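# Examining the three-dimensional arrangement
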Amino acid sequence: MGHVEAPCALIVMGVSGSGKSTVAKALGERLGWRFEDGDRFHPASNVEKMRTGHPLTDEDRWPWLNAIADEIGRVCGRGGHIIIACSALKHAYRDVLLRGRDDVRFVFLKGTKELIAERLARRKGHFMPPGLLKSQFDTLEPPEAGEHVITVSIDETVEAIVDGVVRQLKLGGVKR
């Protein structure tokens, strides 16, 4: 079996409450890669809009997605590695994030509305109110095989999810 080239970036995606930040951070620790929460790339106007219970429009999202894609380009261009937690709910959003790259992989955290609603109800101090979960699922276009995706169930421990992702990436869990 030949050497498997590590992607330069992983985008951990899914609806709010699926565990994107938690899983992405744990993956970063396992692989020794930099972790960034995609929410930090939102302009203040987007954060305020979500905080007040209003779903974002596509027009709101384009600058945010382009800022994340710019960061991926910078990191990959320097030969680095990054893991970003980002909802990436639509095919068009993922196209913006990829910008035609084949060295970026999506990790789709898949879960039921019931499980995610339960998690959101327990979460404190986040700007995404649980009431917006329906809009997230309404917007979600599950990724397809051609989108460089690894799909994992969130009905596992974080460690088991990370193990599954590393196994599917064929990286062996070693730092790269």
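Everything here concerns the structure above.
Rules and cut-offs
- Residues numbered from 1 in each chain as written.
- Predicted model: local features only at pLDDT ≥ 70, side-chain atom pairs only at ≥ 80, totals over all residues.
- Heavy atoms only, no water.
- Helix = DSSP H or I, 4+ residues; strand = E, 2+ residues; numbered from the N terminus.
- Expected span 1.5 Å × (residues − 1).
- Buried < 20%, exposed > 50% of the residue type's maximum accessible area, 1.4 Å probe, protein only.
- Contact = heavy atoms within 4.5 Å.
- Pairing = 2+ DSSP bridges.

Turning our eyes to something else, we now look at helix α7 (residues 158–169). One turn of an α-helix holds 3.6 residues; hence residues three or four places apart share an orientation. With twelve residues, α7 ought to run about 16 Å at 1.5 Å a step, and its terminal C-alpha atoms sit 16 Å apart, in line with that. Residues of α7 that are buried include every one of I161, V162, G164, V165, V166 and L169, and no others. The secondary structure elements touched by the buried residues of α7 are β1 (9–13), α1 (20–31), β4 (104–110) and β5 (149–153). The first or second residue beyond α7 is K170, which carries a positive phi of 60°.

What follows deals with the pairing of strand β3 (residues 82–85). Side-chain positions along a regular strand alternate between the two faces of the sheet. Burial of the side chains of β3 extends over both faces: I82 and I84 are buried on one face and I83 and A85 on the other. In terms of strand pairing, β1 meets β3 through four bridges, oriented parallel. Within β3, the residue paired with A9 across the bridge is I82. When strand β2 (residues 34–37) meets β3, the two strands line up parallel, connected through four bridges. Within β3, the position partnered with F35 by the bridge is I83.

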